[in-house]
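Geometric and topological summary
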Amino acid sequence: MDFSVLRNLISRYCAGEEYWVDSRTVYIGHKEPPLGADAYIPQRYPDNRIVSSKYTLWNFIPKNLFEQFRRIANFYFLLIFLVQLIIDTPTSPVTSGLPLFFVITVTAIKQGYEDWLRHKADCSINECPVDVVKEGTVERTQSHKLRVGDIVMAREDETFPCDLILLSSSRDDGTCYVTTTSLDGESSHKTYYAVPDTMVFKTEQEVDSLHATIECEQPQPDLYKFVGRINIYKESEDPIARPLGAENLLLRGATLKNTEHIYAVAIYTGMDTKMTLNYQSKSQKRSAVEKSMNAFLIVYLCILISKAVINTVLKYAWQGSADHDQPWYNHRTEIDRERHVVIRAFTDFLAFMVLFNYIIPVSMYVTVEMQKFLGSYFIAWDKDMYDDELGEGAQVNTSDLNEELGQVHTHVIMRCYMDAGHTFQKLTSDQHLPGLYVQVEYVFTDKTGTLTENNMEFIECCVDGLVYIPHAICNGQILSAASSIDMIDSSPGGDHREHEELFFRALCLCHTVQVKEEETVDSIKRGIHQGKPTSFYISSSPDEVALVEGMKRLGYTYLRLKDRHMEILNKEDEIERFELLHVLNFDSVRRRMSVIVKSSAGEYLLFCKGADSSIFPRVVSGKVGQVRARVEQNALEGLRTLCVAYRSLSLAEYEEACHQLSDAKLALQDREQRLAQAYDLIERDFILLGATAVEDRLQEKAADTIESLHKAGMKVWVLTGDKMETAAATCYASKLFRRSTQILELTKKRTEEQSLHDVLFDLSRTVLRQRSLSRLSVDCQDYGLIIDGATLSAVLKPSPESSGSGNYREIFLEICRNCSAVLCCRMAPLQKAQIVKLIKASKEHPITLAIGDGANDVSMILEAHVGIGIIGKEGRQAARNSDYAIPKFKHLKKMLLVHGHIYYIRIAELVQYFFYKNVCFIFPQFLYQFFCGFSQQPLYDTAYLTLYNISFTSLPILLYSLIEKHVSIETLKSDPTLYRDVAKNSLLRWPVFLYWTCLGLFDACIFFFGAYFLFDNTTFTSNGQMFGNWTFGTLVFTVLVFTVTLKLALDTHHWTWINHFVIWGSLLFYVIFSLLWGGIIWPFLNYQRMYYVFMQMLSSGPAWLGIILLIMVSLLPDVVKKVLCRTLWPTATHLAQSNRPCLTVEPSTIFVLSQSDGRLSF
């Protein structure tokens, strides 16, 4: 067994966690290590070929057929077709084989075309040119020929062909700037570093002379993690080991910017690159509609088997009489007489199964797939969901859950994540999501960048209790009035002067902001002030840019990072230089970042900024009370707060810190844990300087969207990593909490005063008492629950006093069910996923929807039934890996209340209609057996059996499922309560299914017995000729086709010329086909039983009258039912329809694209 395969699989699917499985050794330039070093062991790695295609020319047919016949419906019809081939059945194998062949062929062509496009894309990528350094010269080769260990030269604006370790750069400091838009959507320039020992190699000859090896982890998909080290060999010296991390790794798909060229070594190639590992196949999500379809299909399969059993039993009961067993016109053959009765009964059972198998609609699956695929384009073409600022509209990554958007159960969960840390996990997605819209009961949404704009504005800072308030600073924008603003509202005294300067210096130094002094950045003019180019700050964190800009307004300007020295301009216009020694990067666990710098005076300083909960416990001095009070006040106003502290290091302390960091960074195993331990030891004994306040305003119409979701019956939850006061202020601003809402707290502070058991039962009694009172009174109290992460852990933790898996869970869920909104604050990412999972697993099994804009939202989106990504400023991991992506949170309103609503109506009608028309189709065949001695004689001609579902009745329902609008778009947007009419899969419940089935049985009886009584009167044509059995069957089939088509016309509310063309065109096509089929002697047929049958039927006046009367009688019950329901039990939808002209005829714009932007007006 090849254990490397298993190792790679474990590494590949353990995203987000650092599992040490093995390491690889890369020989730079394929040079063997010198004698005395580690043994040279050549290793085999994949080439740089990218393969995203699924099939090859040789395996397409068998592999595609295998995948298609894994579907139960396809496999079932294959068995029926084989039975028709093996035994003598009443119908031709063509009747089952042709529809099956059509379905298989159409699906294979679609999948083959999509795979051909993937092949083309792969070839264009694999054949792109790449420069490789060989023997001191640059040679051009194709991308797929790259191997691990090759030294690659990349130029500005080129995309990296594989994962590379940066060796040197054209910049003097050994850095390069890179954009990772294609990976995570972040357009900001990120800085990557070469190790000091290799950055000195500037030419091809120098780079080629490098003698070194790289030890690193095996490939794993986390974009933000890399563990390795480089061993550099020099003559007569021991090898020098340097740590390598994510700051040294250039990922495939990233683009080199503002750097002339770089040299780097290939570390992961082809299918081992991180980008490729993040594009694995997605697991399947199934909508409630699909589950209902499968349940209905099982019912109809049982009906089919029952029909076959009943007819088989009755046949042998009928043949119990000698006269019936072998009539004079149908004697058995010798072979039939010799066959055992059990064999004959089983053969007859299979024959009846074949005869009645059309009750299972094979074409329904194809129609549903086409409806979902084509219907998804209407979301992408919707102009109302197009954002001019981003230049993008909604995106559909999976079309199979469209109808599920209309099934969001009456609860919405919002997620607020205030951390800037990034965690990336592979997200599963699926092609079965459209049906989830109308069924979602809970919506989990991110806050920063989702509810808010993620456009930070510096509001104020507090130093030792004194507040500094510049004018408004918009993230990344230098206002024209910058030179004339008031710097501060008060000046500190002499005793505070030192802390003030340290505070400003800390914010100018403790960040990862880059300075752009060019007039243009990527051909876009930026940083222009009064006609002159000025510095422009860019960073992956909008908070950092806002803080640095705020300091610039307060007199301290960050200038640049040059030669590992940071330069700032103080109030006296003096340039101060600090050597940047170490950066302790931010992570979501520590919730802080630090830098160690050395001043020009030789003093070592550690500056730290982070959340108040992570700074205050590490502070040993400073005006903690005054700063804490200001932080809490700002949090109540909904501002994002950070605390700033510092520590002066002695030389011994600095050397000890360097030793700890060096040991941790050089570790190949458990590097992150060891770094966390080192950070914990270094970041202590702080002196508190002050705090900052930054505002992230709500997005446009965010509050209106939440209010609409409330009116639609949804309950809103907020999951946030932020402090309770800030999150609560955001909830009030977004109308999640109202002023009349009574807030219930389930927090650590309260559980310290009371036991968790007592707090839970107190809250439970409160909400249950109110619920009992609300039954007696119209007015009821509105409750909102706030819970923090620590308490949630205690709630979810199994109780030692209970044998169950946590006896508090049900109490907690019961409290939540009786609250209109829930706020979960101070939550870790894992806890957010646990919340979603907890709600999904509750006894109601509600459908959940998650919405977010950053990589830290991926796990939440993964856990929910439907995932929606925001195309925002925190990258596009969520948008790329979600089921749907929208530009702004406000578009969620139309996505759910309009698209989800109408998609569910359409798909529900499609599913019920398919079963209805097949009952109408096959039940007369069942009744006919009672009149033909159970001889398995078909009622319909073979052509009618074959084309009924393929041609005569398929196109009208497909078009209905694409363009039907039972209520206008404006009405759905203005009246969110209409959403409740279709919630909880209401149109695909068993009572509705039974109604459609009974209606089909009633219509089928009308078709059959109406035609039977018409024939019972010995109807003759004008020339005295009597009708035969094929004329009888054709009469029934004609009434059937017209009735089921007109039934759909009666259900249509939105008429366009396309509806008229398809509905009336389908009926006309049936008539023309029947005339041609029965009017010509076809030479390829060995029988001509339908010759002149249709024309003979139409030549009879009673037949015309019978057809019209039977159609009217068949449609009457459904019309009466509609009238009674609208009159006696009207729903909100019925009332909305009565406020506008019914069956309005409107010009169709469905397939007309705007010439200006190529988008659909919908």
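Residue numbers restart at each chain and count upward from 1, following the sequence in its written direction. Local features in this predicted model are restricted to residues of pLDDT 70 or higher, and side-chain atom pairs are both shown and tallied only at a pLDDT of 80 or more, whereas totals for entire chains, interfaces and linings draw on every residue. Side-chain numbers here rest on the full set of heavy atoms in the structure, without hydrogens or water.

Focus: the overall build of the protein chain
The condition is simple: Helix and strand definitions follow DSSP, with helices as H or I runs of at least four residues and strands as E runs of at least two, each counted in order from the N terminus. Only protein chains enter the accessibility calculation, which uses a 1.4 Å probe; a residue whose area is less than 20% of its type maximum is buried, one above 50% is exposed, and one in between is partly exposed. Whether two residues are in contact is decided by their heavy atoms, any of which lying within 4.5 Å being enough. In these tables, accessible area is a Shrake-Rupley quantity obtained with a 1.4 Å probe, and a residue counts as shielded only by the protein chains included in the view.
When helices and strands are counted, the protein chain shows 37 helices and 43 strands. A total of 1162 residues make up the protein chain; the buried ones form 55% of that total. In the protein chain, once contacts between residues fewer than 6 apart in sequence are set aside, the share between residues at least 24 apart is 75%. Of the accessible surface of the protein chain, which amounts to about 49,300 Å², a share of 57% is contributed by carbon and sulfur atoms.

Details of the sheet that holds strand β2 (residues 129-134)
Definition in use: Paired strands, in this sense, are two strands between which DSSP finds at least two bridges.
Pairing in this open sheet of six strands is antiparallel, and the strands run β3-β2-β4-β13-β5-β11 from one edge to the other. Either end of the sheet is taken by a strand with one partner, and the two such strands are β3 (137-142) and β11 (249-250). Pairing analysis gives six bridges linking β2 to β3, with the strands arranged antiparallel. Counted as the bridge partner of P129 is Q142 from β3.

Let's talk about the side chain of S708
Here is the rule: Polar contacts, as used here, are pairs of N or O atoms within 3.5 Å; protein pairs need one atom able to donate a hydrogen and one able to accept it. Residues neighboring in sequence count only if both atoms are side-chain atoms.
When you line up the elements, S708 lands in helix α19 (residues 702-711). In terms of polar contacts, S708 uses its side chain to reach the side chain of K893, at 3.4 Å. Filtering out sequence-adjacent residues up to four positions away, S708 remains in contact with K893, L897 and P976.

Examining the packing of aromatic side chains
How two aromatic rings sit relative to each other is given by the distance of their centres and the angle of their planes. Cut-off, in case you're wondering: Stacked, edge-to-face and tilted are the three classes for Phe, Tyr and Trp ring pairs, Trp counted by its six-membered ring, which pair at centre distances within 6.5 Å; planes under 30 degrees apart are stacked, over 60 edge-to-face, the rest tilted. Charge-over-ring contacts are defined here by two conditions on Lys NZ or Arg CZ: a distance within 6 Å of the ring centre and an angle within 35 degrees of the ring normal.
Within this structure, the stated rule accounts for 53 aromatic pairs. When the ring of F921 is compared with that of Y940, the centres are 5.1 Å apart and the planes differ by 10°; the resulting orientation is stacked. Residue F921 is found in helix α28 (residues 891-928), and its partner Y940 is found in the loop between α28 and α29 (942-952); the two are separated by 19 residues along the sequence. Both residues of the pair, F921 and Y940, count as buried. One aromatic cluster is present, built from ring pairs that chain together Y358, F921, Y940, Y944, Y948, F952, F1037, F1069, Y1070, F1073, W1077 and F1094. The cationic tip of R628 hangs over the ring face of F616; the distance from NZ or CZ to the ring centre is 4.4 Å. When the ring centre of Y903 is taken as reference, the NZ or CZ atom of R906 above it lies at 5.6 Å.

Let's talk about the pairing of strand β35 (residues 716-720)
Of all five residues in β35, five are buried; the element is thus mostly enclosed. Alternating residues of β35 divide into V716, V718 and T720 and W717 and L719, and every residue in both groups is buried. One ladder, built from four bridges, connects β35 with strand β38 (residues 821-825); its direction is parallel. Bridged to V718 within β38 is L823.

Some details on the pairing of strand β6 (residues 175-180)
Among the six residues of β6, six are classified as buried, and the element is accordingly described as predominantly covered. Burial of β6 is two-sided: the residues T175, Y177 and T179 facing one way and the residues C176, V178 and T180 facing the other way are all buried. Bridging between β6 and strand β12 (residues 255-257) involves three bridges; their strand directions are antiparallel. Across the sheet, residue Y177 finds its bridge partner in β12, namely K257.

Concerning the pattern of salt bridges
Rule in force here: Any carboxyl oxygen of Asp or Glu within 4 Å of a side-chain nitrogen of Lys or Arg constitutes a salt bridge here.
With the rule as written, the count across this model stands at 40 salt bridges. Linking K1122 and D1118 is a salt bridge whose minimum nitrogen-to-oxygen distance equals 3.9 Å. Separated by four residues within a single helix, K1122 and D1118 lie in helix α36 (residues 1101-1128), roughly one turn from each other. Judged by relative accessible area, K1122 falls into the partly exposed class, the value being 31%. The network of salt bridges with common partners includes R497, E501, R505, E572 and E576.

Describing the packing of helix α32 (residues 990-1016) against helix α33 (residues 1029-1051)
Going by this rule: Fitted lines through C-alpha atoms serve as axes, helices being fitted only where they are in contact, and the angles separating the N-to-C directions of these axes extend from 0 to 180 degrees. Left-handed describes a crossing whose near helix is turned anticlockwise from the far helix through less than a right angle; right-handed describes the clockwise counterpart. Any residue that is not Ala, Val, Leu, Ile, Met, Phe, Trp, Tyr, Cys, Pro, Asp, Glu, Lys or Arg is counted as polar, Gly included; the first ten are nonpolar and the last four charged.
At their nearest, the axes of α32 and α33 sit 10 Å apart, and the two run at 145° to each other. Here α32 runs over α33; the crossing is right-handed. Across the interface between the two elements, W996, L999, D1003, F1007, F1008, A1011, Y1012, L1014 and F1015 of α32 pack against T1031, F1032, L1035, V1036, V1039, L1040, T1043, K1047 and D1051 of α33. Partitioned by chemical class, the residues of the contact of α32 with α33 number 13 nonpolar, two polar and three charged.

So, the UniProt feature "binding site: Mg(2+)" (unreviewed entry) in the protein chain
Selection rule: UniProt positions are given in the numbering used here, feature names are shortened, and annotations may be inferred rather than shown by experiment.
Within this structure's numbering, the places UniProt gives as "binding site: Mg(2+)" (unreviewed entry) are D446, T448, D853 and D857. Summarising the element assignment, D446 is placed in the loop between β17 (435-445) and β18 (457-463). Taking relative accessible area as the criterion, D446 reaches 0% and is therefore assigned buried. By the secondary structure assignment, D857 is in the loop between β39 (847-852) and α26 (858-863). By relative accessible area, D857 is classed as buried at 0%.

Focus: the sheet that holds strand β10 (residues 240-244)
Strand order in the open sheet made by the four strands is β1-β8-β9-β10, with antiparallel pairing throughout. Each having just a single partner strand, β1 (23-27) and β10 make up the two edges of the open sheet. On average, each strand axis in the sheet is inclined to that of its neighbour by 20°, with strand direction left out of account. With five bridges joining them, strand β8 (residues 212-217) and strand β9 (residues 228-232) adopt antiparallel strand pairing. Its bridge partner being in β9, A212 is matched across the sheet by I232. Relative to the sheet, helix α17 (residues 651-666) contacts β9 and β10, its axis offset from that of β10 by approximately 80°.

As for unusual backbone geometry
Even without being glycine, E135 reaches a positive phi, approximately 55°. Mapped onto the secondary structure, E135 falls in the loop between β2 and β3. Despite not being glycine, D464 shows a phi value in the positive range, around 50°. Structurally, D464 is set in the loop between β18 and β19 (466-468). Residue D464 is classed as buried on the basis of its relative accessible area, which comes to 6%.

A closer look at the confidence of the model for the protein chain
When pLDDT is low, close inspection of the predicted coordinates is not appropriate. We apply this condition: Known as pLDDT, the predictor's confidence for each residue is given on a scale from 0 to 100.
Mean pLDDT for the protein chain: 78, with 79% of residues reaching 70 or above. For the stretch residues 410-438, pLDDT sits under 50, and the model shows 224 contacts to residues farther than four places along the chain or on other chains. Across residues 519-533, where pLDDT falls below 50, the model places 26 contacts with residues more than four positions away in sequence or in other chains.

Observations concerning the nonpolar core
Quick reminder of the rule: Only buried residues count toward a nonpolar core, which is a set of Ala, Val, Leu, Ile, Met, Phe, Trp, Tyr and Cys residues joined through side-chain atoms within 4.5 Å.
Membership of the largest hydrophobic core comes to 93 residues, with the highest contact counts inside it found for V911, Y940, Y944, F1037 and L1040. Filtering out sequence-adjacent residues up to four positions away, Y940 remains in contact with C920, F921, P924, Q925, L945, W1030, G1033, V1036, F1037 and L1040. Counting residues in each nonpolar core, the second largest holds 42 residues, with M385, V716, C731 and I870 among its members.

Topic: a nonpolar patch on the surface
Our working definition: Residues with no salt bridge and a relative accessible area higher than 30% make up the patches, which join like charges within 9 Å and nonpolar side chains (Val, Leu, Ile, Met, Phe, Trp, Tyr) within 5 Å.
Taken together, the side chains of F75, L79, L82, L85 and I86 make up a nonpolar region of the molecular surface, amounting to roughly 490 Å² of accessible area. Following the sequence through the fold, F75 ends up in helix α3 (residues 72-86).

Looking at the environment of N985
Residue placement: N985 occurs in the loop between α31 (969-974) and α32. Here N985 falls in the buried class, since its relative accessible area comes to 11%.

Details of helix α11 (residues 341-356)
As a reminder, the rule being used: By this rule the span expected of a helix is its residue count minus one, scaled by 1.5 Å.
Between its first and last C-alpha atoms α11 spans 22 Å; for 16 residues at 1.5 Å apiece the expected length is 22 Å, and the two agree. Every buried residue of α11 is accounted for by R344, T347, D348, F349, A351, F352, M353, V354, L355 and F356.

A short note on the state of the cysteines
Test applied: Two cysteine sulfurs form what is called a disulfide whenever their separation falls within 2.5 Å.
Applying the stated rule across the entire model yields zero disulfides. The thiol sulfur of C462 is not disulfide-bonded, and the nearest other cysteine sulfur, from C461, lies at 7.9 Å.

Structural notes on the packing of α29 against helix α34 (residues 1057-1079)
What counts is decided by this rule: Oblique is the label for any angle not covered by the other classes, which are roughly parallel (under 35 degrees), roughly antiparallel (over 145) and roughly perpendicular (65 to 115).
Look at α29 against α34: their axes get within 12 Å of each other, and the N-to-C directions meet at 155°. On the basis of the axis angle, α29 is roughly antiparallel to α34. Note that α29 runs across α34; the crossing there is right-handed. From α29, A943, Y944, L947, S951 and F952 reach across to α34, where they touch S1066, F1069, Y1070, F1073, S1074 and W1077.

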